[in-house]
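Examining the three-dimensional arrangement
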4 protein chains.
Amino acid sequence: MVLEWVDFPLPGGPKRRMFIFSPIVIYIFWLKYLLVMPMELRSGYVRASGYANKIRKVLFAVTRGKVDPKEVVRAAAELNQYLFEKLREMGVRKEDVVRISIGFSIEAGEIVWDYDSLRIEVYRREEEERLAQAMEEVEEREKALDEVIKELEKLAEQLRALSDEIVEKVEKLKQEHSGLKLRAEE
Amino acid sequence: MVLEWVDFPLPGGPKRRMFIFSPIVIYIFWLKYLLVMPMELRSGYVRASGYANKIRKVLFAVTRGKVDPKEVVRAAAELNQYLFEKLREMGVRKEDVVRISIGFSIEAGEIVWDYDSLRIEVYRREEEERLAQAMEEVEEREKALDEVIKELEKLAEQLRALSDEIVEKVEKLKQEHSGLKLRAEE
Amino acid sequence: MVLEWVDFPLPGGPKRRMFIFSPIVIYIFWLKYLLVMPMELRSGYVRASGYANKIRKVLFAVTRGKVDPKEVVRAAAELNQYLFEKLREMGVRKEDVVRISIGFSIEAGEIVWDYDSLRIEVYRREEEERLAQAMEEVEEREKALDEVIKELEKLAEQLRALSDEIVEKVEKLKQEHSGLKLRAEE
Amino acid sequence: MVLEWVDFPLPGGPKRRMFIFSPIVIYIFWLKYLLVMPMELRSGYVRASGYANKIRKVLFAVTRGKVDPKEVVRAAAELNQYLFEKLREMGVRKEDVVRISIGFSIEAGEIVWDYDSLRIEVYRREEEERLAQAMEEVEEREKALDEVIKELEKLAEQLRALSDEIVEKVEKLKQEHSGLKLRAEE
């Protein structure tokens, strides 16, 4: 009865030999393959003190439009927790520079880390003084950027509130002082 | 067993003699009295051609904050339909001036017209030429006002859309380029 | 030597017989005719208490795009001062209704009233009760409109200030955190 | 006649012994000292390909509020031109990393470079592979940031234009449909 079999590669895991019984089953596997996207996250060089932010930012950038922001925050927090333990075990200090890469897949809207593919490079400050210093500078610049973005965010929120107020006031003008068709009448 | 009775005035209707048996019953009547607000709508002088808009505007103004806008639109449409028939029966022409008043109550968020209290005054153009002319002028001015409000409404809607875009762009800036805490993390 | 003559009508004044000597002179008269626009202002029916506002609003509407707003304010004030005296002389009370019309011309950006063409109609309240009452209602409605416009004006000014702040903040972002070409470099 | 002398330090240059003749002269020197602010610009580590942008950004940040933006752009262009020649003479390639520092002063609103204090460090890619790679990553991230800022800038300009339109429309509403005092009347 069995027509054929395939080696179906699970993302970031071992292959599994599947016995195919009918076209329907093939179709289901094909669908699943479409939904599971194998991807990679690379932190680039970053000071150990800033790895968590970097992981989150890069994850946001590479999953933009594919994953709900809340899931990105959750997945980043999960990985960062794991990395925190690992880096502590390795005796990494915050002034050292690290470079992290890990594979992951998006399954039904969820980010699934492939911890087996995790790779951490560590550069001690005393051995790579200039690299450490350069990344420290980058970090400082990003703090200044954060300040501007924070201010801009407040202004943008004020703008939204003000827009709503203006829209509401114009609506009042329309309801009580004009003969225009109202939205509620359409 | 009966302790006392009260004449409870139904809004816009006859009084009904109530026999009170207990404080509970009194409390229920008091509650109902709070929920049922007897009110009046007066159109003021208006050209017959513009009575419908006027009714709606005045209804919006007098029920502001008490009734859902959709219910105002519905109730105004109901009354205007009724008035349309009445004015036709009375042989009112669009160049005549009318003045309409009617009682209503708000019951559980709904506007209930008291048609028994409806009063319509009609002033024929040939007899009240100046009044008719004055109201025609008012109508024309309101058309000009409508134009400005329409333009302002378009601008306000553009503003809201633009605000949303700016907020979104700043959020992107924050997610991908900063170490700031995201809303989703809080 | 004289080729022809024309009766040139001065705006709001007597005609003057002009002897034309050359095409240049004709051209000058034609130019002047273009610059001098004879126009009329009609207040429509209005309560005596509100004539000044009405005059100003109508003047703004009919001269829009042709005259500087400051000149409109000045010319309206001039006419209203004149009307104030006239209406007092005529014994008009604030509850009466008036209707005013006057010719004017725009000469080199200035509004010149033709006081000879001024026409004032007065309707006493006791004789035209309904007209007076209708105009009183209109006045009250306009006061409510004023309230909304005032609020909207405040919001619009806040919007302008906020926009400037956002533009400035984005400019700062650009200057200090990006490699984009600045306006000052173009 | 000479009462005393001082060693006046010229910004970024040698001291000069000054003979003081009167309090007036002292006052003049004190004033000049206030107007001449000796400062320093440090590029930090940066890929040679991006030194010009970096110089400009840092100059904007350190002179913010003290110098006109146009002067900042001019002074940055002047220094960058000078650096371009220097780096070419030194055989620096765009993939190398450099670190530049130079003193300058602000005299009567103008940025004056103290070229004698210029210091350029060069790190060849082959010798500092990781540093070069890290700075390349930084550069790429900044390009992504530039994109978002560019979009945000466009939105901010649209916002400003829209705000102006709304303010104008509300002004029209006020002029032609309300009895409110106009700005021109105040």
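Everything discussed here concerns the structure shown above.
All of the points below concern the structure found in this document. (Residues numbered from 1 in each chain as written. Chains lettered and ligands numbered in written order. Predicted model: local features only at pLDDT ≥ 70, side-chain atom pairs only at ≥ 80, totals over all residues. Heavy atoms only, no water.)

1. Points about the interface of chain A and chain B
For clarity, the threshold we go by: Contacts are assigned to residue pairs with any non-hydrogen atoms lying within 4.5 Å of each other. When two parts are put together, the accessible area they lose, computed with a 1.4 Å probe and summed over both, is reported as buried area. Put simply, a salt bridge is a Lys or Arg side-chain nitrogen that is within 4 Å of an Asp or Glu carboxyl oxygen. Side-chain atoms alone can form a polar contact between residues adjacent in sequence; in general such a contact is a pair of N or O atoms within 3.5 Å, and within protein one must be able to donate a hydrogen while the other accepts it. Think of it this way: any DSSP run of H or I at least four residues long counts as a helix, any run of E at least two long counts as a strand, and we number them from the N terminus. Each residue is assigned to one class: nonpolar for Ala, Val, Leu, Ile, Met, Phe, Trp, Tyr, Cys and Pro, charged for Asp, Glu, Lys and Arg, and polar for all the others, Gly among them.
With 39 residues of chain A at the contact, the number on the chain B side is 39 residues. Buried surface at the junction of chain A and chain B, both sides included, amounts to about 3900 Å², of which 62% is carbon and sulfur. Applying the counting rule to chain A against chain B returns six salt bridges. Taking the shortest distance from any N to any O, the salt bridge between Glu176 of chain B and Arg64 of chain A comes out at 3.3 Å. On the surface where chain A and chain B come into contact, there are nine residue pairs in polar contact (both at pLDDT 80 or more). Of all the elements in the fold, those that place two or more residues in the side of chain A that touches chain B are α2 (51-63), α3 (69-89) and α4 (129-177) of chain A. With 22 residues, α4 of chain A is the largest single contributor of residues to the side of chain A that touches chain B. Of the residues that constitute the side of chain A that touches chain B, the class distribution is 16 nonpolar, six polar and 17 charged.

2. A short note on the packing of aromatic side chains
Each aromatic ring pair is described using two quantities: the centre-to-centre distance and the angle formed by the ring planes. Residues and elements named next belong to chain B. Just so we agree on the cut-off: Pairing of aromatic side chains requires ring centres within 6.5 Å, counting the rings of Phe and Tyr and the six-membered ring of Trp. Pairs whose planes differ by under 30 degrees are stacked, by over 60 edge-to-face, and all others tilted. Burial here depends on accessible area, computed with a 1.4 Å probe over protein chains only, as a share of the maximum for the residue type. Under 20% is buried, over 50% is exposed, and the range in between is partly exposed.
This structure, assessed with the given rule, holds twelve aromatic pairs over all chains. Ring centres of Tyr45 and Tyr123 lie 5.8 Å apart, and the angle between their planes is 50 degrees; on these two criteria the pair is classed as tilted. In this pair, Tyr45 is assigned in strand β3 (residues 37-47) and Tyr123 in strand β5 (residues 110-123), connecting sequence segments 78 residues apart. Looking at Tyr45, the relative accessible area reads 1%, which means it is buried. You can call Tyr123 buried: its relative accessible area is 11%.

3. What about the relation of the copies chain A and chain C?
Applied cut-off: The superposition of copies rests on a least-squares fit of C-alpha positions from residues with pLDDT of 70 or more in both.
Aligned on chain C, chain A shows an RMSD of 0.1 Å; the corresponding rotation is 180 degrees and the shift along the axis is 0.0 Å. Such a combination of rotation and displacement between the chain copies is what one expects of a two-fold axis. If distances are taken from each C-alpha of chain A to the rotation axis, the shortest is found for Leu159 of chain A, at 3.7 Å. A symmetric contact is evident, with 100% of the interface residues of chain A recurring at the interface of chain C.

4. Notes on the packing of helix α2 (residues 51-63) of chain C against helix α3 (residues 69-89) of chain C
All names here are of chain C. Stated formally: Only the stretch in contact is used when a helix axis is fitted, and all axes are lines through C-alpha atoms; the angle between N-to-C directions ranges over 0 to 180 degrees. Crossings are sorted by hand: turned counterclockwise from the far helix by less than a right angle, the near helix makes the crossing left-handed, and turned clockwise it makes it right-handed.
Relative orientation of the contacting elements α2 and α3 amounts to 145 degrees, with a least axis distance of 9 Å. The crossing of α2 and α3 is right-handed. The segment α2 lies against α3, with Tyr51, Ala52, Ile55, Arg56, Leu59, Phe60 and Thr63 engaging Pro69, Val72, Val73, Ala75, Ala76, Leu79, Asn80, Leu83, Phe84 and Leu87. Each residue belonging to the contact of α2 with α3 can be placed in one class, and the counts come to 14 nonpolar, two polar and one charged.

5. Focus on α2 of chain C
Residue and element names in this part refer to chain C. Note the cut-off: An expected span of 1.5 Å times one less than the residue number is assigned to each helix.
Between its first and last C-alpha, α2 extends 18 Å over 13 residues, near the 18 Å set by a 1.5 Å rise per residue. If you check which residues of α2 are buried, you get Tyr51, Lys54, Ile55, Arg56, Lys57, Val58, Leu59, Phe60 and Thr63. Gly65 lies just past α2 and shows a positive phi near 85 degrees.

6. Brief notes about the interface of chain A and chain C
Listed by partner, the interface residues are 17 residues for chain A and 17 residues for chain C. Carbon and sulfur atoms supply 82% of the area that chain A and chain C bury against each other, a total of about 1800 Å² over both sides. Counting across the chain A and chain C interface gives two salt bridges. Linking Glu151 of chain C and Lys169 of chain A is a salt bridge whose minimum nitrogen-to-oxygen distance equals 2.7 Å. Joining chain A to chain C, the criterion identifies two residue pairs in polar contact (both at pLDDT 80 or more). Of the residues in the side of chain A that touches chain C, the class split is ten nonpolar, two polar and five charged.

7. Details of the packing of α4 of chain A against helix α4 (residues 129-177) of chain C
Spelled out, the test is: Note on terminology: angles under 35 degrees are roughly parallel, angles over 145 are roughly antiparallel, angles of 65 to 115 are roughly perpendicular, and the others are oblique.
Running from N to C, α4 of chain A and α4 of chain C point in directions that differ by 160 degrees, and their axes come no closer than 9 Å. Overall, the two elements α4 of chain A and α4 of chain C adopt an arrangement that is roughly antiparallel. In this structure, the crossing between α4 of chain A and α4 of chain C has a hand that is left-handed. Here the residues of the contact of α4 of chain A with α4 of chain C are counted per class, giving 20 nonpolar, four polar and ten charged.

8. A look at the environment of Ser49 of chain B
Residue and element names in this part refer to chain B. Along the chain, Ser49 falls in the loop between β3 and α2 (51-63). Residue classification places Ser49 among the partly exposed positions, given a relative accessible area of 37%. For the pair Ser49 and Val97, spaced 48 residues apart in the sequence, the C-alpha separation amounts to 8.5 Å. With sequence-adjacent residues up to four places away left out, Ser49 is seen in contact with Lys94 and Glu139. One polar contact links Ser49 to Glu139, side chain to side chain, over a distance of 3.1 Å.

9. A closer look at the pattern of salt bridges
Applying the stated criterion to the full structure yields 86 salt bridges over all chains. Glu153 of chain B is the partner of Lys174 of chain A in a salt bridge, and the nearest nitrogen-oxygen pair spans 2.6 Å. Note that Lys174 of chain A is positioned in helix α4 and Glu153 of chain B in helix α4 (residues 129-177), a pairing that runs across two chains. In this structure, Lys174 of chain A and Glu153 of chain B share a single accessibility class: buried. In this structure, the salt-bridge partner of Arg141 of chain C is Glu142 of chain B, at a minimum N-O distance of 3.2 Å. Of the two residues, Arg141 of chain C is situated in helix α4 and Glu142 of chain B in helix α4; the pairing between them involves two chains. According to the relative accessible area criterion, Glu142 of chain B is partly exposed, its value standing at 23%. One salt-bridge network, in which partners are shared between bridges, spans Arg47, Arg125, Glu129, Glu136 and Glu139 of chain A.

10. With respect to the relation of the copies chain A and chain B
Relative to chain B, chain A is turned by 180 degrees and slid 0.0 Å along the rotation axis, the superposed coordinates differing by an RMSD of 0.0 Å. In this assembly the copies share their binding face: 100% of the residues contributing to the interface of chain A also contribute to that of chain B.

11. Let's talk about the side chain of Ser163 of chain C
In this structure, Ser163 of chain C sits in helix α4. Of the polar contacts made by the side chain of Ser163 of chain C, one reaches the side chain of Ser163 of chain D; its length is 2.5 Å.

12. A short note on the sheet that holds strand β3 (residues 37-47) of chain A
Under the convention used in this document: Should DSSP find at least two bridges between two strands, the strands are regarded as paired.
An order of β3-β4-β5 (chain A) is seen for the three strands of this open sheet, with the pairing classed as antiparallel. With partners counted over all chains shown, the strands left at the sheet margins are β3 and β5 (110-123) of chain A, one partner each. Sheet twist, expressed as the mean angle between neighbouring strand axes with direction ignored, is 15 degrees. Sheet contacts for α2 of chain A: β3, β4 (97-107) and β5 of chain A; angle to β3 of chain A, the most-contacted strand, approximately 145 degrees. Taken strand by strand, helix α4 (residues 129-177) of chain D contacts β3, β4 and β5 of chain A, and its axis lies near 115 degrees from that of β3 of chain A.

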